[in-house]
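Here are the chains, one letter per residue:
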Amino acid sequence: NAGVMQNPRHLVRRRGQEARLRCSPMKGHSHVYWYRQLPEEGLKFMVYLQKENIIDESGMPKERFSAEFPKEGPSILRIQQVVRGDSAAYFCASSPSLGRRTDVNTEAFFGQGTRLTVV
Amino acid sequence: GDSVTQMEGPVTLSEEAFLTINCTYTATGYPSLFWYVQYPGEGLQLLLKATKADDKGSNKGFEATYRKETTSFHLEKGSVQVSDSAVYFCALSTANRDDKIIFGKGTRLHILP
């Protein structure tokens with residue numbers, strides 16, 4: 001069972017370009033989380049998605065950032081018109097759906113991250 | 001809402017010292033608790049977890065006990081090594097409607113030889 005796959009591992013964009021980050025969750029996982037980590041800082045939650053639904057986007061900047069998790073294919077984090085301040089490591093995590101069970105909790109599995117550099 | 005608070009770093013220790021990284025939580029319901037570790041240049045890996053009160057998670061010499069009465073899940077290791085230098089994240093998950101996983105801000109640990 002392959003782990004969470006993120007690509008690309010490294011991405012360089014010029015200011016004003018678009019960045020598209022991809023995350024394929026583990027097989028059978030229907031929950032995806034995106035986090036941003038600035039140099040020497042902790043993880044900042046951005047968005048939590050289930051298949052075809054955004055559940056919580058309270059950590060996403062209101063402009064230029066968007067995320068999707070379609071029925072088929074990977075989750076995409078899209079950053080339009082990138083600026084230098086967007087340079088960071090972006091991590092994706094996935095977890096299985098718990099449905100209505102309340103007796104089971106499970107951890108999130110992380111990808112290796114995409115390191116975005118805006119020049 | 002649910003939250004996790006962990007001690008701020010960086011924490012600097014000498015090799016073979018005793019380590020404690022404090023973590024407390026606020027949650028409705030009965031969360032599972034986790035410690036993740038991030039080594040330099042890598043993603044996060046699960047270090048240990050506990051799913052109910054008084055459970056003790058352990059791995060690689062690290063331990064943490066789920067204390068419901070003090071809402072804590074402190075990470076401990078009796079004798080740290082240089083290779084333990086990393087960032088440690090405390091986290092919780094609850095089987096609520098949205099199943100969200102919540103992380104603390106992370107604690108950077110430096111171990112000196």
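Residues numbered from 1 in each chain as written. Chains lettered and ligands numbered in written order. Predicted model: local features only at pLDDT ≥ 70, side-chain atom pairs only at ≥ 80, totals over all residues. Heavy atoms only, no water.

**A closer look at the pattern of salt bridges**
Within the structure shown, the criterion is met by six salt bridges over all chains. The partner of Asp86(A) in a salt bridge is Arg64(A), with the nearest N and O atoms 2.7 Å apart. Highlighted residues: Asp86(A) in the loop between β8 (75-79) and β9 (88-96) and Arg64(A) in the loop between β6 (53-56) and β7 (65-68), separated in sequence by 22 residues. Given the relative accessible area of 3%, Asp86(A) is considered buried. Residues Glu63(B) and Lys56(B) are paired through a salt bridge, measuring 3.6 Å at the closest nitrogen-oxygen approach. Overall, Glu63(B) belongs to the partly exposed group, its relative accessible area being 34%. Through salt bridges with shared partners, one network takes in Glu18(A), Arg20(A) and Arg78(A). (Salt bridge = Lys/Arg side-chain N within 4 Å of Asp/Glu carboxyl O. Helix = DSSP H or I, 4+ residues; strand = E, 2+ residues; numbered from the N terminus. Buried < 20%, exposed > 50% of the residue type's maximum accessible area, 1.4 Å probe, protein only.)

**Observations regarding the sheet that holds strand β3 (residues 19-24) of chain A**
All names here are of chain A. Taken in spatial order, the four strands line up as β1-β3-β8-β7 in an open sheet, and their pairing is antiparallel. One side of each edge strand has no neighbouring strand; the edge strands of this open sheet are β1 (5-7) and β7. Ignoring strand direction, the axes of neighbouring strands in this sheet form an average angle of 15 degrees. By the bridge criterion, three bridges tie β1 to β3 in an arrangement that is antiparallel. Looking across to β3, one finds that Gln6 is bridged to Cys23. (Pairing = 2+ DSSP bridges. Axes fitted to C-alpha atoms, helices over the stretch in contact; angles between N-to-C directions.)

**So, the packing of aromatic side chains**
What the rule picks out here adds up to 11 aromatic pairs over all chains. Judged by centre distance (4.7 Å) and plane angle (5 degrees), the rings of Tyr33(A) and Tyr48(A) are stacked. Note that Tyr33(A) is positioned in strand β4 (residues 29-37) and Tyr48(A) in strand β5 (residues 43-50), a separation of 15 residues in sequence. A relative accessible area of 0% places Tyr48(A) in the buried class. Note on Tyr35(A) and Phe45(A): the rings are 5.9 Å apart at their centroids and 70 degrees apart in plane angle, and the pair reads as edge-to-face. Here Tyr35(A), found in strand β4, pairs with Phe45(A), found in strand β5; they are 10 residues apart in sequence, far enough to count as distant. Owing to a relative accessible area of 2%, Tyr35(A) belongs among the buried residues under this scheme. One aromatic cluster in this structure is built from Tyr33(A), Tyr35(A), Phe45(A), Tyr48(A), Phe110(A), Phe34(B), Tyr36(B) and Phe103(B). (Phe/Tyr/Trp six-rings, centres within 6.5 Å; stacked < 30°, edge-to-face > 60°.)

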